[in-house]
Amino acid sequence: MDNKIGKRGGTLKDVSAPDFIASYANFLKRTGNVELPSWVDYVKTSTRNELAPYDPDWFYVRMAALARQIYIRPGRGVGAFRRVYGGRKRRGSKPSHFALASSSVIRHALRQLEKLEIIEKTEQGGRRLTRKGRQELDLQAQRILSSQ
């Protein structure tokens, strides 16, 4: 076991982002507690995209990524996540511009995480992890570390 981790076990910050997001998305899918919206198969994640995501489990991946972002930097709201998941809109021969991500997708994912009691709203606005949420994310990180 690595000295950095010690006796208390690992946390989410000890695991690489792609490994954690893939593992936690798989966990969310297996538990079956997440209600997928009816539009999940054909909605775009941003106005800059032409098509919906190809991955059928993209909503679980987005939820896992949002949970990780809130762990790393609590207090973010929907507007901040729109900027995080936004990107370059290519407009053909015209210059590219930045386009925000869909707030509906982010809001619905955050509501699902609130329903699972992983996150909660703060008084100042934004979201933060609950005690149960921090324990669940750290436990998932420890499973990843023990399997490596």
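Because the structure is predicted, anything quoted here is derived from the model rather than measured.

Each helix and strand in the protein chain was counted, giving five helices and four strands. When the helices and strands of the protein chain are placed in sequence order, the string is α-α-α-β-β-α-β-β-α. Along the three orthogonal principal directions, the C-alpha set of the protein chain runs to about 55 × 30 × 30 Å. Counting every position in the protein chain, which comprises 148 residues, the buried fraction comes to 44%. When contacts within the protein chain are restricted to residue pairs at least 6 apart in sequence, long-range pairs at least 24 apart make up 62% of them. Here the protein chain displays about 9,000 Å² of accessible surface, and carbon together with sulfur accounts for 47% of that area. Between the mean site of the 29 positive side-chain charges and the mean site of the 14 negative ones, the protein chain shows a separation of 8 Å.

The tendency in soluble globular proteins is for nonpolar side chains to be buried as a group. Counting 36 residues, the largest nonpolar core has Phe20, Tyr24, Met63, Leu66, Ile106, Leu110 and Leu137 as the members making the most contacts within it. Taken together, the elements giving at least two residues each to this core come down to helix 1 (17-31), helix 2 (58-72), helix 3 (78-84), helix 4 (103-115) and helix 5 (131-147). Element by element, the count of residues in this core is highest for helix 2, at 10 residues. Beyond its immediate stretch of four places on either side in the chain, leucine 110 contacts Leu66, Ile70, Val78, Phe81, Ile119 and Arg127.

End to end, helix 5 covers 25 Å across 17 residues, agreeing with the expected 24 Å (1.5 Å per residue, within 8%). Within helix 5 the residues assigned to the buried category are Gly133, Glu136, Leu137, Asp138, Gln140, Ala141 and Ile144. Against the buried residues of helix 5 lie helix 1, helix 2 and strand 4 (127-129).

So, about the environment of alanine 64. In this fold, alanine 64 is placed in helix 2. Sequence-wise, alanine 64 and phenylalanine 20 are 44 residues apart; in three dimensions their C-alpha atoms are separated by 8.1 Å. Excluding anything up to four places from it in sequence, alanine 64 contacts Phe20, Ile21, Tyr24, Ala25 and Leu28.

Cut-off values and rules
- Every chain is numbered on its own, with residues counted from 1 as its sequence reads.
- It should be noted that, the model being predicted, local features are given only for residues of pLDDT at least 70 and side-chain atom pairs only at 80 or more, the latter also being counted only at that level, while totals for whole chains, interfaces and linings use all residues.
- Hydrogens and water molecules were not included; the side-chain quantities draw on all heavy atoms of the structure.
- Only DSSP runs of H or I reaching four residues or more are called helices, and only runs of E reaching two or more are called strands; each is numbered from the N terminus.
- Partly exposed residues are those whose accessible area sits between 20% and 50% of the maximum for their type, while under 20% is buried and over 50% is exposed, using a 1.4 Å probe and protein chains only.
- Pairs of residues are marked as contacts when any of their non-hydrogen atoms sit within 4.5 Å.
- Reported accessibility uses the Shrake-Rupley method at a 1.4 Å probe radius. Residues are deemed covered only where the shown protein chains occlude them.
- A positive count includes Lys and Arg, and a negative count includes Asp and Glu. His and the chain ends are not counted in either.
- Every charge is mapped onto a representative atom, which is NZ of Lys, CZ of Arg, CG of Asp or CD of Glu.
- By nonpolar core we mean a set of buried residues, namely Ala, Val, Leu, Ile, Met, Phe, Trp, Tyr and Cys, connected to one another through side-chain atoms within 4.5 Å.
- One less than the number of residues in a helix, times 1.5 Å, gives the span that helix is expected to have.

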